Amino acid sequence: MTRFRVYKRQEPLGWGSCLVFLGAVAVSLLVSGLLLSIQGKPAFRGILLLIQSAFFSSWAVEDCLIKAVPIFLCSLGVSIAFRLQIWNIGAEGQYAMGAIGATWMALKFGHLPGLILLPAMFMAAAILGAVWGFIPALFKVRLRANEIIVTLMLNYIGILFLDYLVYGPWKDPASFGFPMTKEFPPAAVVGAIGTTRLNWGLLVCIVTGVAFWIFFKYTRLGFELRASGENPRAARYARIPYSGLVLLVMSLSGMLAGWAGLLEASASLNRLQPSIMAGYGYTAIVVAWLSQLNPLVIGIASFLLAGLRVGLETLQLDLQVPAAFGAILEGLILLTVLAGGFFSRYEIRRRGAAPALARPQDKQHP
Amino acid sequence: MKKLILVMAALLLAVPGAIAAEKEMKVGFVYVSPIGDAGWSYAHDQARLALEAMDGVSTSYVEAVQEGPDSERVMLNMARKGYDVIFATSFGYMDPMLKVAKQFPKVTFMHCSGFKLAPNMGNYFGRMYQARYLSGMVAGAMTRSNTLGYVAAFPIPEVIRGINAFALGAQSVNPKVRVRVVWTKTWYDPATEKEAAKSLLDVGADVIAQHQDSPGPQEAAEEKGVYSIGYNTDMSAFAPKAHLTAPIWNWAPFYKEVVDQVRKGTWKSQSTWSGIKEGIVDLAPFGPMVPKAVQDKVLAKKKELVGGKDDLFSGPIKDQSGKIQVAAGKTASDSELLGMKYFVQGVVGTLQ
Amino acid sequence: MNMDFIIPLLAAAIQSGTPILYATLGEIVTERSGILNLGVEGIMLLGAFSAFITAQVTGSPALGFLVGGLSGALLAGVHGLVCLNFQGNQVVSGLALTIMGTGLANYLGTPYVGKSAPGFDALPIPVLSAIPLLGDILFRHDILVYTAYLIPLVLWFYFRFTRWGLGLRAVGEHPDAALAAGLKIIGYRWVGVLVGGWLMGFGGAYLSLAYTHLWTNGLTAGRGWIAVALVIFAFWRPGRALLGAYLFGGVMAFQFRLQAMGTHLPSSLLLMLPYALTIAVLVFSSWKGKENEMPRALGVNIEPPD
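Bear in mind the structure is a predicted one, so any value in this text is a computation, not a measurement. Sequence order sets the numbering: in each chain, residues are counted from 1 along the sequence as written. To label them, take the chains in the order written and letter them from A, then take the ligands in the order written and number them from 1. Restriction of local features to residues with pLDDT of at least 70 applies here, the model being predicted, together with a cutoff of 80 or more for giving and counting side-chain atom pairs; totals for whole chains, interfaces and linings are based on all residues. Neither water nor hydrogens contribute to the side-chain values; these are computed over all heavy atoms in the structure.

## Re the overall build of chain B
In DSSP terms, a helix is any run of H or I states spanning at least four residues, a strand is any run of E spanning at least two, and both are numbered starting from the N terminus. For chain B, the count of helices and strands is 11 helices and 16 strands. For 352 residues, the compact-globule formula gives about 20 Å, and the C-alpha radius of gyration of chain B, at 23 Å, lands near that figure. In chain B, buried positions account for 61% of the 352 residues. The contact definition used throughout considers only heavy atoms, calling two residues in contact when any of these lie within 4.5 Å. In chain B, once contacts between residues fewer than 6 apart in sequence are set aside, the share between residues at least 24 apart is 65%. For chain B, the accessible area works out to roughly 13,100 Å², and carbon and sulfur atoms hold 57% of it. Asp and Glu are treated as the negative residues and Lys and Arg as the positive ones, with His and the ends of the chain left uncounted. Note on charges: their place is set at NZ of Lys, CZ of Arg, CG of Asp or CD of Glu. Side-chain charges in chain B split into 39 positive and 34 negative, and the spacing between the mean points of these groups amounts to 6 Å. Radius of gyration here uses only the C-alpha atoms, and the compact-globule reference equals 2.2 Å multiplied by the residue count raised to the power 0.38. Buried means the residue's accessible area, taken with a 1.4 Å probe over protein chains only, is under 20% of the maximum for its type, while exposed means over 50%, and partly exposed covers the values in between. Accessible areas in this description were obtained via Shrake-Rupley with a 1.4 Å probe; residue shielding takes into account the shown protein chains only.

## Some remarks on the overall build of chain C
Helix and strand counts for chain C come out as 13 helices and zero strands. In chain C, the order of α-helices and β-strands from amino to carboxyl end is α-α-α-α-α-α-α-α-α-α-α-α-α. Here the C-alpha atoms of chain C give a radius of gyration of 19 Å, agreeing with the 19 Å that 2.2 N^0.38 yields for 306 residues. The C-alpha extent of chain C, read off along each of the three principal axes, is 65 × 45 × 45 Å. In chain C, which comprises 306 residues, the proportion classed as buried is 64%. Partitioning the intrachain contacts of chain C with sequence separation of at least 6 by distance along the chain shows that 78% fall at a separation of at least 24. Here chain C has roughly 10,800 Å² of accessible surface; of this, 71% comes from carbon and sulfur atoms. Mean positive and mean negative side-chain charge positions of chain C (15 and 13 charges, respectively) differ by 5 Å.

## Some remarks on the packing of helix 6 (residues 147-167) of chain A against helix 10 (residues 223-233) of chain C
Following both chains from N to C, one finds helix 6 of chain A and helix 10 of chain C inclined at 140°, their axes separated by 10 Å at the closest point. Taken together, the axis directions place helix 6 of chain A and helix 10 of chain C in an arrangement best described as oblique. Regarding helix 6 of chain A and helix 10 of chain C, the two cross each other, and that crossing is left-handed. For the pair helix 6 of chain A and helix 10 of chain C, contact is made by Ile148(A), Ile149(A), Leu152(A), Met153(A) and Tyr156(A) and by Trp225(C), Ile226(C), Val228(C), Ala229(C) and Ile232(C), respectively. Axis geometry follows a simple rule: fit a line to the C-alpha atoms, using only the stretch in contact for helices, then measure angles between N-to-C directions, giving values from 0 to 180 degrees. Angles are sorted into four bins: roughly parallel if under 35 degrees, roughly antiparallel if over 145, roughly perpendicular if 65 to 115, and oblique for all others. The handedness criterion is simple: a crossing whose near helix is rotated anticlockwise from the far helix by less than a right angle is left-handed, and one whose near helix is rotated clockwise is right-handed.

## Topic: the interface of chain B and chain A
Of the residues lining the interface, 36 residues belong to chain B; the matching set on chain A comes to 33 residues. What gets called buried area is simply the loss in accessible area from a 1.4 Å probe that two parts show on being joined, summed for both. When chain B packs against chain A, close to 3,000 Å² is buried across both sides, 55% of that on carbon and sulfur atoms. On the chain B side of the interface with chain A, the three residues burying the most area are Arg73(B), Arg80(B) and Phe91(B), jointly 19% of the side's total. We define a salt bridge as a side-chain nitrogen of Lys or Arg found within 4 Å of a carboxyl oxygen belonging to Asp or Glu. In this structure, the connection of chain B to chain A is made through four salt bridges. In this structure, Asp70(B) engages Lys67(A) in a salt bridge whose closest nitrogen and oxygen atoms are separated by 2.6 Å. Each polar contact in these results corresponds to two N or O atoms within 3.5 Å; when the atoms are within protein, one needs to be able to donate a hydrogen and the other to accept it, and residues that are neighboring in sequence are counted only if both atoms are side-chain atoms. For the pair chain B and chain A, the number of links is nine residue pairs in polar contact (both at pLDDT 80 or more). Counting residues per element, the ones that place at least two in the side of chain B that touches chain A are strand 2 (57-62), helix 3 (69-80), helix 4 (94-103), helix 6 (157-173) and helix 11 (334-338) of chain B. If you tally residues by element for the side of chain B that touches chain A, the top one is helix 3 of chain B, at nine residues.

## Thoughts on the packing of helix 2 (residues 40-58) of chain C against helix 3 (residues 61-85) of chain C
All names here are of chain C. With their axes 7 Å apart at the nearest point, helix 2 and helix 3 run at an angle of 145° to one another. Handedness of the helix 2/helix 3 crossing: right-handed. In contact with Gly42, Ile43, Leu46, Gly47, Ser50, Ala51, Thr54, Ala55 and Thr58 of helix 2, helix 3 contributes Pro61, Leu63, Gly64, Phe65, Val67, Gly68, Ser71, Gly72, Leu75 and Ala76. Residue type decides the class: Asp, Glu, Lys and Arg count as charged, Ala, Val, Leu, Ile, Met, Phe, Trp, Tyr, Cys and Pro as nonpolar, and the leftover types, Gly among them, as polar. Here the contact of helix 2 with helix 3 is built from residues that sort into 10 nonpolar, nine polar and no charged.

## Remarks on the sheet that holds strand 9 (residues 227-229) of chain B
All names here are of chain B. An order of 10-9-8-6-7-16 is seen for the six strands of this open sheet, with the pairing classed as parallel. Taken across any chain shown, the strands that pair with only one partner, and hence form the sheet edges, are strand 10 (243-245) and strand 16 (347-348). Sheet topology note: the strand 9/strand 10 ladder contains two bridges and is parallel. When the sheet's bridge partners are listed, Ser228 is paired in strand 10 with His243. In the packing of helix 7 (residues 190-202) onto the sheet, the strands contacted are strand 6 (147-152), strand 7 (178-183) and strand 8 (207-211), and the crossing angle to strand 6 comes to about 160°. Whether two strands pair depends on DSSP finding at least two bridges between them.

## Observations regarding the interface of chain A and chain C
In many analyses, interface size is given as the accessible surface area lost on bringing the parts together. With 48 residues of chain A at the contact, the number on the chain C side is 48 residues. Summed over both sides, the interface of chain A with chain C buries roughly 4,200 Å², with 80% coming from carbon and sulfur. Of all residues in chain A, Ile149(A), Met153(A) and Leu335(A) give up the largest surface area on contact with chain C, accounting jointly for 14% of the area buried on that side. Linking chain A to chain C there are zero salt bridges.

## Looking at the pairing of strand 2 of chain B
Residues and elements named next belong to chain B. The buried count for strand 2 comes to five of six residues, which makes it a mostly enclosed element. In terms of strand pairing, strand 1 (residues 25-30) meets strand 2 through six bridges, oriented parallel. The residue bridging Val30 from the neighbouring strand is Val62, located in strand 2.

## Observations regarding the packing of aromatic side chains
Stacked, tilted and edge-to-face are the three classes assigned to paired rings of Phe, Tyr and Trp, where Trp is represented by its six-membered ring and a pair needs centres within 6.5 Å; plane angles under 30 degrees give stacked, over 60 edge-to-face, the rest tilted. All told, the structure shown has 47 aromatic pairs over all chains when counted by the stated rule. Taking 4.4 Å as the distance between ring centres and 45° as the angle between the ring planes, the aromatic pair formed by Phe87(B) and Tyr255(B) counts as tilted. Of this pair, Phe87(B) sits in strand 3 (residues 85-88) while Tyr255(B) is found in helix 9 (residues 252-264), placing the two residues 168 residues apart along the sequence. The same class applies to Phe87(B) and to Tyr255(B), which are both buried. Here the aromatic rings of Trp198(C) and Phe202(C) are separated by 6.2 Å at their centres, their planes lie at 80°, and the arrangement is edge-to-face.

## A closer look at the pattern of salt bridges
Under the defined criterion, the tally for this structure stands at 24 salt bridges over all chains. Note that Asp202(B) is salt-bridged to Arg257(C), the shortest N-O span being 2.5 Å. Remark: Arg257(C) occurs in helix 11 (residues 238-260) and Asp202(B) occurs in helix 7; the pair is interchain, linking two chains. For Asp202(B), a relative accessible area of 27% corresponds to the partly exposed category. Since its relative accessible area comes to 1%, Arg257(C) is described here as buried. Overlapping salt bridges, with partners in common, bring together Asp172(A), Glu183(A), Arg271(A), Asp95(B) and Lys116(B) in one network.

## Topic: the state of the cysteines
Two cysteine sulfurs form a disulfide in these notes if their separation is within 2.5 Å. Inspection of the entire model under this criterion finds zero disulfides over all chains. Free cysteine Cys74(A): the closest other cysteine sulfur is in Cys205(A), separated by 9.8 Å.

## Side note on empty space enclosed by the protein
Residue and element names in this part refer to chain B. Points on a 1 Å grid, built from protein atoms alone, make a cavity when a 1.4 Å probe fits but cannot get out and make a pocket when they are open with protein on both sides within 12 Å along at least 5 of 7 lines; residues with an atom within 4 Å of a point are the lining residues. Grid points are joined across faces, edges and corners, and a volume is the space filled by probe spheres set on the points. As enumerated under the stated definition, the model contains seven cavities of 30 Å³ or more in all. By volume, the second largest cavity is sized at about 80 Å³. In terms of lining residues, the second largest cavity is bounded by 13 residues, among which Gly126, Met128, Tyr129, Glu158 and Arg161 are the most central. Sorting the residues of the lining of the second largest cavity by element identifies strand 5 (121-126), helix 5 (128-142) and helix 6 as the ones contributing at least two each. Class assignment for the residues of the lining of the second largest cavity results in six nonpolar, three polar and four charged.

## A short note on the nonpolar core
Ile163(B), Trp249(B), Trp251(B) and Phe313(B) are the most contacted members of the largest nonpolar core, which totals 313 residues. Ranked by residue count, the leading element in this core is helix 9 (residues 242-269) of chain A, at 16 residues. Beyond its immediate sequence surroundings of up to four residues, Phe313(B) is in contact with Tyr129(B), Arg161(B), Asn164(B), Ala165(B), Leu168(B), Val326(B), Lys330(B), Thr331(B), Ala332(B), Leu337(B) and Met340(B). Residues enter a nonpolar core if they are buried and are Ala, Val, Leu, Ile, Met, Phe, Trp, Tyr or Cys, with the set joined through side-chain atoms within 4.5 Å. Core analysis: the second largest hydrophobic core is formed by 15 residues, Ala205(B), Ile208(B), Ala220(B) and Ala239(B) among them.

## A word on unusual backbone geometry
That bond from Gly315(B) to Pro316(B) is cis: its omega, 0°, falls within 30 degrees of zero. Position of Pro316(B) among the secondary structure elements: in the loop between helix 10 (292-306) and strand 14 (317-318). At Gln320(A), a residue that is not glycine, the phi angle is positive and equals roughly 55°. Tracing the sequence through the fold places Gln320(A) in the loop between helix 11 (295-319) and helix 12 (325-345). For Lys185(B), which is not glycine, the phi torsion reads 60° and is therefore positive. Relative to the helices and strands, Lys185(B) resides in the loop between strand 7 and helix 7.

## Observations regarding the environment of Asp213(B)
All names here are of chain B. Along the chain, Asp213 turns up in the loop between strand 8 and helix 8 (216-224). In this structure Asp213 comes out as buried when scored by relative accessible area, which is 3%. There is a polar contact of 3.4 Å between the side chain of Asp213 and the backbone nitrogen of Trp40. Within the structure, Asp213 has its side chain in polar contact with the side chain of Asn232 (distance 2.7 Å).

So, in structure tokens, the structure goes:
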């Protein structure tokens with residue numbers, strides 16, 4: 001065994017990474033199939049059913065797109081923070097705060113026309129979400145407090161605050177005492193696209209996705225953020241120091257998650273209620289990582305993971321598979337991809353041998 | 001010859017009728033929590049299994065469905081797959097169900113615990129408060145400290161109503177009792193619920209009741225050597241020495257009735273709120289520690305309810321601040337009960 | 001606010017804090033060796049379930065407890081594999097482990113929700129429990145609580161005085177120096193990960209075998225994350241972890257008692273207390289300069305050379 005050693009590749013695998021990724025997904029599906037068998041469910045048929053009902057039935061694509069919208073926005077936000085290696089686990093809380101901000105605006109100024117009200121709601125959601133991202137960032141730059149913990153705790157606090165509002169001051173008098181706000185006036189609802197069940201939130205996703213892709217690829221600040229991955233503390237832009245960048249990315253991150261909350265409250269539920277919380281903030285982390293923080297790939301990955309959730313319901317309905325199966329698959333995919341990433345960056349070969357994909361200029365020194 | 005033709009025609013017409021009467025029914029259930037919680041969804045699922053045992057009925061379910069767009073999608077899928085009857089068992093499914101019902105007029109939709117109707121959508125609930133009142137009578141009779149503890153999940157009307165009924169029942173046999181309420185903000189988290197129960201025990205409660213789906217509070221009572229009242233199902237297995245009784249659900253007869261009606265074409269959209277009389281709610285068997293005199297008293301009251309006399313919320317009823325909510329000589333109406341937002345006097349706790 | 005209130009509160013604080021204590025101690029061991037394991041929540045939940053089902057099937061809570069620890073170690077082993085052998089990012093791997101671990105436990109455990117298993121009951125220690133005040137608070141619990149009293153002591157001794165303990169610390173503080181001194185870094189880190197996972201599994205097992213004798217989806221309810229925070233509060237020292245865990249358990253117990261006494265504060269706001277406290281504690285620790293205490297090489301993978 002000592003004849004073989006692990007070497008870092010001269011260049012990370014390019015298209016090979018794609019293969020590795022697919023391999024990882026395949027392994028995950030295999031293990032999940034095994035788990036299905038343990039519970040006595042047909043493994044092969046189950047996995048097939050999952051894929052088919054997620055993507056290959058006529059209404060599945062629409063379902064997946066609807067579900068992908070909040071996942072996409074939260075993931076985009078999370079990915080921006082991850083670029084600076086700021087581990088924003090707080091998308092759930094930022095999402096809740098955004099929903100709260102939008103609701104406040106909708107309930108207080110519901111008499112205004114939609115042309116004014118909707119942008120105002122977006123602004124309110126952006127501010128509250130950004131604040132919820134700003135706080136942990138502030139603690140991090142001033143006190144070096146671990147942002148993982150602070151954002152996580154703020155998740156719980158944000159959700160409890162939402163609970164307090166819908167059980168208390170914002171409860172709809174006509175709701176028979178159930179925790180929900182009044183229904184949003186039509187001016188406050190982000191409408192449907194034509195006769196489909198999709199809403200204009202999809203447009204928001206496309207616009208923000210493209211905007212940030214351009215930002216990271218073509219602006220200096222974006223380049224600075226991208227390049228700072230390995231050595232974040234060396235990141236500087238003009239005269240903005242590292243701490244300023246941290247505050248900026250966390251606020252942007254919170255803003256995007258806040259917009260996801262707004263869209264769910266306005267377009268999907270037409271009111272604020274506790275069941276708006278659906279774990280998108282955590283799925284967002286998985287998506288952001290799998291997409292290697294690339295906005296366009298995030299779009300695809302959001303769609304795929306939304307598909308996972310949709311397909312899971314059919315598995316429940318047709319095969320009585322427990323709901324927790326989806327989480328296992330999500331976690332497995334992430335783990336296998338992480339492990340698989342090893343093969344893109346390293347290779348195992350005989351001690352002293354030439355690299356497998358050697359370029360002429362990479363002659364090994366004895 | 002004419003007679004033969006007539007007879008044959010009659011037979012031919014009868015055959016499709018006979019086949020139609022035996023139509024295979026697909027019934028779907030949407031649950032808000034996992035079914036194994038020995039609680040709310042579990043009770044519905046037990047009834048679903050009873051339906052499954054019926055001839056020509058196949059059932060399925062999706063559990064842990066979030067209220068909102070997820071539930072809409074689940075119900076849409078069921079309707080698209082040709083389900084004939086869909087039961088949705090949580091208040092928050094109401095609006096999504098209405099949306100789907102409008103798109104599938106041939107499917108029958110039944111919503112539990114809500115208030116909206118449509119030509120093909122009805123709603124239903126059970127007068128659990130009747131059983132709670134009876135359990136309150138037992139608790140009131142068995143307590144020595146005159147403090148009853150109530151571990152409650154969320155401040156929604158049915159929970160508040162249940163607490164009030166429990167308190168009124170206890171006060172009817174023991175006017176000095178106080179009911180202390182602790183909110184856990186969860187339906188099934190045994191560790192949290194047990195901690196909440198312990199906090200009530202520490203302030204002197206010697207009977208623990210619950211509106212929770214796990215037996216956590218029962219364990220706490222058993223460990224301390226005091227009494228407890230279960231919920232949803234008979235929880236005596238978890239607390240044999242403590243468990244006095246439990247208000248329980250029994251959805252099977254109602255579900256069977258609905259499926260039969262749909263099958264025969266006699267189903268009508270309406271709001272059904274049945275109680276002990278119809279068998280939807282009941283009281284679990286008494287534990288061995290309940291004296292016969294108490295049992296008799298409670299069973300006598302139950303007999304009244306079975307007979308249709310429901311005067312549990314008759315005035316004068318005062319709320320915590322002393323204000324009269326139900327005047328003397330009057331009985332609270334159904335809509336007053338459904339939207340109950342106050343605690344009766346004798347209950348100690350917030351409404352948030 | 002008299003003794004009748006305080007003593008049961010403190011006793012409840014200890015019981016409530018014990019699962020968090022086990023998990024915190026486990027994470028301390030892991031982090032001291034340089035590995036950040038954010039999968040505590042998933043590991044605890046899986047530990048809770050495997051302990052529960054073992055006790056149910058075999059009838060032995062003790063065996064259940066051990067299996068809970070074992071499953072914790074195994075799941076942590078996945079994290080070790082991904083980070084130590086496959087150079088995976090430690091933060092993301094831990095998060096993935098939380099998602100997968102909770103999913104796995106909930107999935108396998110679905111048929112067992114609402115059932116009960118034989119567990120550990122209270123075991124007052126003969127002489128000690130008769131001590132006024134302290135006896136009621138400290139010595140009327142189950143045996144797992146008493147074990148939790150002792151583990152910080154064992155760990156303190158291990159880290160301070162044994163060769164292996166010092167080696168583990170060196171690997172987390174100065175891996176270069178450790179390498180030069182001939183220590184096998186990967187080996188020590190594996191120990192850190194597995195022993196840590198074992199203790200985290202114990203924490204979960206406590207919830208389903210002693211704190212309650214029940215299992216349900218999501219039994220841990222975020223305690224794993226609290227443990228990660230408490231590691232920082234404890235300055236990575238086992239002794240302080242005791243203080244932090246019981247303090248936290250106390251807050252959780254306290255807000256229920258406030259309700260039971262009839263406070264008018266909305267329960268949602270009261271429920272925020274433990275989480276707000278965690279942030280306060282973290283901010284306080286950071287302000288006090290805890291980064292001097294943090295293992296310097298925490299979270300950084302040792303890359304294979306070119």
